[in-house]
Amino acid sequence: MRSFDYQKPTTIEDALSVLSGEDAMVLAGGMTLLPSMKQRLISCETLVDLSAVPGLSGIAREGDRLAIGAMTRHADVAASDLVKETIPGLAALAAHIGDQQVRHRGTIGGSISNNDPAADYPAALVALGAEVETSTRIIPAEAFFTGMFETALEPGEIVTRVLFPVPDMAGYGKFASPASRYALAGVFVAKTGDVVRAAVTGAGPCVFRAPDIEEALNGSFTPEALERITLDGTEILSDMHADRDYRMNLVVVMARKAVETALKLAG
Amino acid sequence: MKISFTLNEKAVSVDADPATLLADLLRENLNMTGTHVGCDTSQCGACVVHLNGESVKSCTLLAASVDGQEVKTVEGLAKSKDELHPMQTAFRDNHGLQCGFCTPGMLMASIDLVNKNPEPTEGEVRDWLEGNICRCTGYQNIVKSVLAGAAAMRDGN
Ligand SMILES: Cc1cc2nc3c(=O)[nH]c(=O)nc-3n(C[C@H](O)[C@H](O)[C@H](O)COP(=O)(O)OP(=O)(O)OC[C@H]3O[C@@H](n4cnc5c(N)ncnc54)[C@H](O)[C@@H]3O)c2cc1C
Ligand code: FES
Ligand code: FES
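Residues numbered from 1 in each chain as written. Chains lettered and ligands numbered in written order. Predicted model: local features only at pLDDT ≥ 70, side-chain atom pairs only at ≥ 80, totals over all residues. Heavy atoms only, no water.

What am I meant to see in the overall build of chain B here?
In terms of helices and strands, chain B carries five helices and five strands. Listing every helix and strand of chain B by position from the N terminus yields β-β-α-β-β-β-α-α-α-α. Computed over the C-alpha atoms, the radius of gyration of chain B is 15 Å, within 12% of the 15 Å expected from 2.2 N^0.38 for a compact globule of 157 residues. In terms of overall dimensions, chain B has a C-alpha envelope of 45 × 30 × 25 Å along the principal axes. Summarising the internal contacts of chain B: among those between residues at least 6 apart in sequence, 58% fall at separations of at least 24. Total accessible area on chain B is roughly 7100 Å²; 46% of this is exposed by carbon and sulfur atoms. Mean positive and mean negative side-chain charge positions of chain B (13 and 20 charges, respectively) differ by 5 Å. (Helix = DSSP H or I, 4+ residues; strand = E, 2+ residues; numbered from the N terminus. Rg over C-alpha atoms; globule rule 2.2 N^0.38 Å. Contact = heavy atoms within 4.5 Å. Areas by Shrake-Rupley, 256 points an atom, 1.4 Å probe, with all protein chains shown as cover. Lys, Arg positive; Asp, Glu negative; His and termini not counted. Charge placed at Lys NZ, Arg CZ, Asp CG, Glu CD.)

Put into structure tokens, the structure is as follows:
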């Protein structure tokens, strides 16, 4: 790893001011950034560790929304009573990201800022219609995730919180790669009133909504409603882990699992 | 930069480059070679240590990040040369290791589990050790060891 100047600011103002300098980068849990720096895929002059900035981690209910701070770790979301009460499907998703040691370091802000095409959180944000709060503005999830490893974040802008509307019920189905534990296909479904939203990760270059699945579930929110669904395959990836047909089928199977989970969690 | 932290209940202070990983700081600067580096790509768990009581992968953690924090390694488990930690005894008694390369990480991860969940089920042990890879044992005896270690820790042995 190339060396850098390590900074650990203790206020958000200081963090933003260091980040406005040349070639400065944010460090959250480091579970993606440090491996990339070790492989010399990424380097920077200044590394800004956000772990001492107050107010960036924590989970709170705000009216009809659940607010999760950017530096909140996967393990904390998975274990939170508040998340389990309001959006249990989200707690269950967090409980299956990587392994326990990854969950002890990795954060929601780091995960969504990285926008790995196989990451789990992006599916939850898009299906739940969440908003990403940054140091300068609020961005709807669908506009935040712009492409493979790309987001709407500007240089020097940091994610501060994610705001989730609380649905009636929600669930996630994930088929994890046995080696990396990332999703080969993951589908998050959320039902609020009469509206069902479904978002798919792992299967395309970037998280996307699946209108075919949403339409079928709008008619009847049951696993059976998805029995004869076929997807439009244009966005589906094909690689050595899973070819297009297999992945397309996997998406439907994971969507069924997500609905089963949502119904079960809702009791 | 100067990095000061508590290591196995003793204060240490080391001068190191900011890009130093905790695993390297422990092994190279402090000569504490109990923490192993297997994959160096965050996959195998041989490098697991405790940071403020929680299991983390020290090959994917900057030494700079532990400044002011508490770190425990496998060297900090046994009370003395003759008195192993109950989890270590359980691994020895249940043949939970063959070559022993993965063992420091297995121990640190397992002890974190039992501290949080004193009576884990077999399924919970397997889930928790998802990020710890063993090339020798086939895991059966590791799981057996952790269950026995958990019982011994509950009994306060
Ligand atoms: C073995 C292993 C298995 C994994 N399995 C999974 C899995 O199954 N599913 C999954 O979803 N993920 C998985 N991950 C990734 C994990 O979830 C990471 O935690 C996550 O991708 C990055 O979060 P982090 O906090 O570690 O961020 P970092 O690695 O510190 O940062 C990642 C990127 O985001 C930027 N960044 C971080 N925080 C902010 C912020 N607040 N504002 C702006 N930019 C920011 C950084 O500059 C960097 O570019 C796995 C990782 C490993 C090592
Ligand atoms: S050496 Fe750290 S996970 Fe393998
Ligand atoms: S005992 Fe050899 S790797 Fe586990």
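Mind showing me how you'd approach the site of ligand 1 here?
Around ligand 1 sit 31 residues, and of these Val26, Gly30, Leu33, Thr107 and Arg181 of chain A come closest. Residues near ligand 1 are shared among chains A and B, making this a multi-chain site. Within the backbone of Met31 of chain A, one N or O atom sits 2.8 Å away from an oxygen atom of ligand 1. Considered on its own, ligand 1 offers 970 Å² of accessible surface; in the complex 94% of this is hidden by protein. (Near = heavy atom within 4 Å. Polar contact = N/O pair within 3.5 Å; in protein donor to acceptor, adjacent residues only side chain to side chain.)

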